[in-house]
Amino acid sequence: MLRLHPFRYHRPGTVGEATELLANFGAEAMPIAGGTDLMPNMKHRLFTPGHLVSLNRIAALRGIHLDAAGARLRIGATETLADIASNPLVQQRLPALATAAGLVAGPQLRNMGTIGGNICLDTRCTYYNQTEFWRAALGYCLKKNGTVCHVTRVGKKCVAAHSADTPPVLIALGATLVLAGALGTREMAANDFFVADGIRNTRRAHGEVLAEIRIPLAGPRRRSAYRKLRQRGSIDFPLLSVAVVCDFDESGAVERIRGVVSALGARPRLLSGWDGIAVGSALDNGVIDALAERAHAQCRPLENAIVDAEWRRAMVPVQVRRALREVAVLPPKGVSAMRPAR
Amino acid sequence: MEVVRLRVNGDERACGVPAHYTLLETLRYGLGLTGSKQGCDKGDCGACTVIVDGRAVLSCITPVWEAEGRGVRTVEGLGRGTEPHPVQDEFDLNGAAQCGFCTPGILCSAVAFLERNPSPDRDRIRAALAGNLCRCTGYEKIYDAVEAAAARLRDR
């Protein structure tokens, strides 16, 4: 039995009321939507807010629709992951996002969890996502209540892993996020939203609410893929995730390509050097191998998850190749034992 | 203590609870509905699964206030009187329960799933029950039971 600490629960009907409550209660308040990340974390005493401000009764935070020009898809932040994964518009226009949303956790958690919550998911680490009793026995850790990082042992920087499935896809797609606060709203690129600090890895200010996700759409020559490595296909967080978005020209050559690798460090990594390798070429096996090698060189996971970091690193080029072959519409090569469950 | 008003299995119920209670704690310790089980109590195992507005959710990580004004169904409300729900009946006929601790949650996941997907294949049944852990059965008899129940519900 894991009991919650005492708190007050607020159910505002508008974004303005929500941000006002958050501003009034200051550091004592936290927003909550699906609660699938925050509630277990509160049961572990990782957060003990005196006030929870629910976003679930705010109609303005819902909806999945095209903007007036038909150039962007707009998703309200409290749309559930289950609804996004099964939405025909998302499936047709942003299939990698539907895949990623459908691979988050298990069915009940996708029925509850929202895309906004997934984007704002707290970072995770073997030494952090534990009960109060467990963490106290170890003298706590750098991320919460302690001064020592048990992963790096010497480091003064928290290396808890960004563990959400939708942000790598959103970054690869060039999505922007709309944040609402007591002083107004602001919009920023998904790639700029995350910072490489495991203690708090987003630029969402305290009291701000993630309101909407805006995703630019492309024509039929864009292809995308998302792959997730995890222990159990039925429920787990990613040990490694890969998102790839590629635009092809009329001849079938790569016009623009973006790859994102995540679940290794505190923020998703937008891979560098890919355009130089692939633009102007067909996405054939040689180019795919070169891109995978380039990804491998940029990724150095630490022992922040229960699975061996060297093995996770060795899986980077494997998963990147599989994602690229999906995008290139090449048949899968070899045995695909870690094929994610759909 | 505050009064929360819930519609549980078709009944309007009111109950005094501390403001930080979960839906599961309210069902079990406020309303005496102990069919929904407290397993891991942190959203991993699925034993606390109930149906809220037609969707299977985890009551152990649902703040009770989120269930106010919505329809809650628990294992106690799946059958009618002494008549079990076809999924419950097929669990019995197929030997799909052993210790039974996971069973109420699996029944709720299965019923919510079959109401939206009357003709699922076995893979879809497996995916729908992926959020419910069972340490006894090895799952095969559970899938058998849900498959049989789906056929019965279609014929009804």
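Residues numbered from 1 in each chain as written. Chains lettered and ligands numbered in written order. Predicted model: local features only at pLDDT ≥ 70, side-chain atom pairs only at ≥ 80, totals over all residues. Heavy atoms only, no water.

**Let's talk about the overall build of chain A**
Heads up, the rule is: By the criteria applied, helices consist of DSSP H or I runs no shorter than four residues and strands consist of E runs no shorter than two, each listed in order from the N terminus. Values of the radius of gyration come from C-alpha atoms, whereas the globule rule sets the reference at 2.2 Å times the count of residues to the power 0.38. Each residue gets one of three labels from its accessible area relative to the maximum for its type: buried under 20%, exposed over 50%, partly exposed in between, using a 1.4 Å probe on protein chains only.
Within chain A one finds 13 helices and 12 strands. Taking 342 residues into account, the globule formula puts the C-alpha radius of gyration at 20 Å, and chain A, at 20 Å, falls close to it. Once the C-alpha set of chain A is aligned to its principal axes, its extents read approximately 60 × 50 × 30 Å. Within chain A, the proportion of its 342 residues that are buried is 56%.

**What about the environment of phenylalanine 91 of chain B?**
All names here are of chain B. For the record, the criterion: Whether two residues are in contact is decided by their heavy atoms, any of which lying within 4.5 Å being enough.
When you line up the elements, phenylalanine 91 lands in helix α2 (residues 86-94). For the pair formed by phenylalanine 91 and glycine 81, sequence separation is 10 residues and the distance between their alpha carbons is 18 Å. Residue contacts for phenylalanine 91: discarding those within four places in its chain leaves Ala96, Ala97, Thr103, Ile106, Leu107, Ile142, Ala145 and Val146.

**With respect to the confidence of the model for chain B**
Just so we agree on the cut-off: Each residue carries a pLDDT score, the predictor's confidence in it, ranging from 0 to 100.
Considering every residue of chain B, the mean pLDDT works out to 97; 100% of them sit at 70 or more. With a pTM of 0.95, the predicted complex shows an ipTM of 0.97.

**Quick notes on the side chain of histidine 20 of chain B**
Looking at the secondary structure, you find histidine 20 of chain B in the loop between β2 (11-17) and α1 (23-30). When neighbours within four sequence positions are excluded, histidine 20 of chain B is seen to be in contact with Leu4, His5, Pro6 and Phe7 of chain A together with Glu25 of chain B.

**Considerations on the packing of aromatic side chains**
Residue and element names in this part refer to chain A. We count it as follows: Put simply, two rings from Phe, Tyr or Trp (the six-membered ring, in Trp's case) pair if the centres are within 6.5 Å, and we call them stacked under 30 degrees between planes, edge-to-face over 60, tilted for the rest. Placement of a positive charge over a ring is assigned whenever Lys NZ or Arg CZ falls within 6 Å of the ring centre and within 35 degrees of the normal to the ring plane.
With the rule as written, the count across this model stands at 4 aromatic pairs over all chains. Between phenylalanine 193 and phenylalanine 194, the aromatic rings sit 5.2 Å apart at their centres with planes inclined by 80 degrees, giving edge-to-face as the arrangement. Among the residues examined, phenylalanine 194 registers a relative accessible area of 2% and is labelled buried. Over the ring of tyrosine 128 we find lysine 143; its NZ or CZ atom is 4.4 Å from the centre of that ring.

**As for the packing of helix α3 (residues 103-116) of chain B against helix α5 (residues 140-155) of chain B**
Residues and elements named next belong to chain B. We apply this condition: Axes, fitted as lines to C-alpha atoms, cover a helix only where it is in contact. Angles between the N-to-C directions of the axes lie from 0 to 180 degrees. By convention, the crossing between two helices is left-handed when the near helix turns anticlockwise from the far helix through less than a right angle, and right-handed when the turn is clockwise. Under the scheme applied here, ten amino acids are nonpolar (Ala, Val, Leu, Ile, Met, Phe, Trp, Tyr, Cys and Pro), four are charged (Asp, Glu, Lys and Arg), and all others, including Gly, are polar.
It is at 11 Å that the axes of α3 and α5 come closest, and there the two elements cross at 40 degrees. With respect to the hand of their crossing, α3 and α5 are arranged in right-handed fashion. Taking contact as the criterion, the partners of Ile106, Ala110 and Leu114 in α3 are, on α5, Ile142, Val146, Ala149, Ala150 and Leu153. Of the residues that constitute the contact of α3 with α5, the class distribution is 8 nonpolar, no polar and no charged.

**Some words on the packing of α2 of chain B against α5 of chain B**
Residues and elements named next belong to chain B. Inclusion rule: If an angle is under 35 degrees, it is roughly parallel; if it is over 145, roughly antiparallel; if it lies from 65 to 115, roughly perpendicular; otherwise it is oblique.
Where α2 contacts α5, the axes come no closer than 8 Å and their chain directions differ by 135 degrees. Considered as vectors, α2 and α5 are oriented oblique to each other. In this structure, α2 crosses over α5, and the sense of that crossing is right-handed. Across from Pro86, Val87, Asp89, Glu90, Phe91, Leu93 and Asn94 in α2, the residues of α5 making contact are Lys141, Ile142, Asp144, Ala145, Val146, Ala148, Ala149, Arg152 and Leu153. Here the contact of α2 with α5 is built from residues that sort into 10 nonpolar, 1 polar and 5 charged.

**Brief notes about the sheet that holds strand β2 (residues 29-32) of chain A**
In any sheet, the strands associate via hydrogen bonds between backbone groups, in a parallel or an antiparallel arrangement. All names here are of chain A. Counted only if it meets this: Whether two strands pair comes down to DSSP finding at least two bridges between them.
Strands sit in the order β1-β3-β2 across an open sheet of 3 strands; the sheet is parallel. The sheet is open, and its two edges are formed by β1 (8-10) and β2, each paired on a single side. Sheet twist, expressed as the average angle between the axes of neighbouring strands with direction ignored, equals 25 degrees. Strand direction decides the pairing type here: β1 and strand β3 (residues 51-54), joined by 3 bridges, are parallel. Its bridge partner lying in β3, histidine 10 is registered against valine 53.

**Description of the environment of glycine 77 of chain B**
Residue and element names in this part refer to chain B. Looking at the element boundaries, glycine 77 is found in the loop between β5 (71-73) and α2. Classification of glycine 77 as partly exposed rests on a relative accessible area of 25%. A C-alpha to C-alpha distance of 20 Å links glycine 77 and arginine 154, two positions 77 residues apart in sequence.

**So, the interface of chain A and chain B**
Worth spelling out the cut-off: Two parts lose some accessible area (1.4 Å probe) when they are put together, and adding that loss for both gives the buried area. Between Lys or Arg on one side and Asp or Glu on the other, a salt bridge is scored when a side-chain nitrogen of the former is within 4 Å of a carboxyl oxygen of the latter. Between N or O atoms, a polar contact is any pair within 3.5 Å; within protein, one atom must be a potential hydrogen donor and the other a potential acceptor, and residues adjacent in sequence are included only when both atoms are from side chains.
Counting from both sides, the interface comprises 30 residues of chain A and, opposite them, 31 residues of chain B. When chain A packs against chain B, close to 2,600 Å² is buried across both sides, 53% of that on carbon and sulfur atoms. Its largest share of buried area at the contact with chain B, chain A owes to Tyr9, Gln108 and Met112 of chain A, together 21% of the area lost on that side. At the junction of chain A with chain B, the criterion picks out 5 salt bridges. One salt bridge connects aspartate 41 of chain B with lysine 43 of chain A, and the closest N-O pair in it is separated by 3.0 Å. If you look at where chain A meets chain B, you find 19 residue pairs in polar contact (both at pLDDT 80 or more). Of all the elements in the fold, those that place two or more residues in the side of chain A that touches chain B are β1, α2 (38-43), α3 (81-86) and α6 (107-112) of chain A.

**Quick notes on helix α12 (residues 285-298) of chain A**
All names here are of chain A. Spelled out, the test is: In this analysis, the expected span of each helix is defined as 1.5 Å times one less than the number of residues it contains.
The end-to-end C-alpha distance of α12, which contains 14 residues, comes to 20 Å, matching closely the 20 Å that a straight helix rising 1.5 Å per residue would cover. The complete set of buried residues in α12 reads Val287, Ile288, Leu291, Ala292, Ala295, His296 and Gln298. Residues of α12 that are buried sit in contact with β11 (254-262), β12 (269-270), α11 (274-278) and α13 (309-327).

**Brief notes about the domain arrangement of chain B**
All names here are of chain B. Spelled out, the test is: Either an automatic procedure or a domain database provided the assignment from which the domain bounds are taken.
Taken as a whole, chain B is organised into domain 1 (2-75) and domain 2 (86-155). Each of domain 1 and domain 2 has a C-alpha centre, and the two are 21 Å apart. Summed over both sides, the interface between domain 1 and domain 2 buries roughly 1,200 Å², with carbon and sulfur atoms accounting for 58% of that surface. At the boundary of domain 1 and domain 2, one finds 1 salt bridge. Glutamate 115 serves as the salt-bridge partner of arginine 73, at 3.1 Å between the closest nitrogen and oxygen. The tally of links from domain 1 across to domain 2 stands at 4 residue pairs in polar contact (both at pLDDT 80 or more). Of all the secondary-structure elements, those providing two or more residues to the side of domain 1 that touches domain 2 are β3 (49-52) and β4 (55-58). The residue inventory of the side of domain 1 that touches domain 2, partitioned by class, reads 6 nonpolar, 7 polar and 4 charged.

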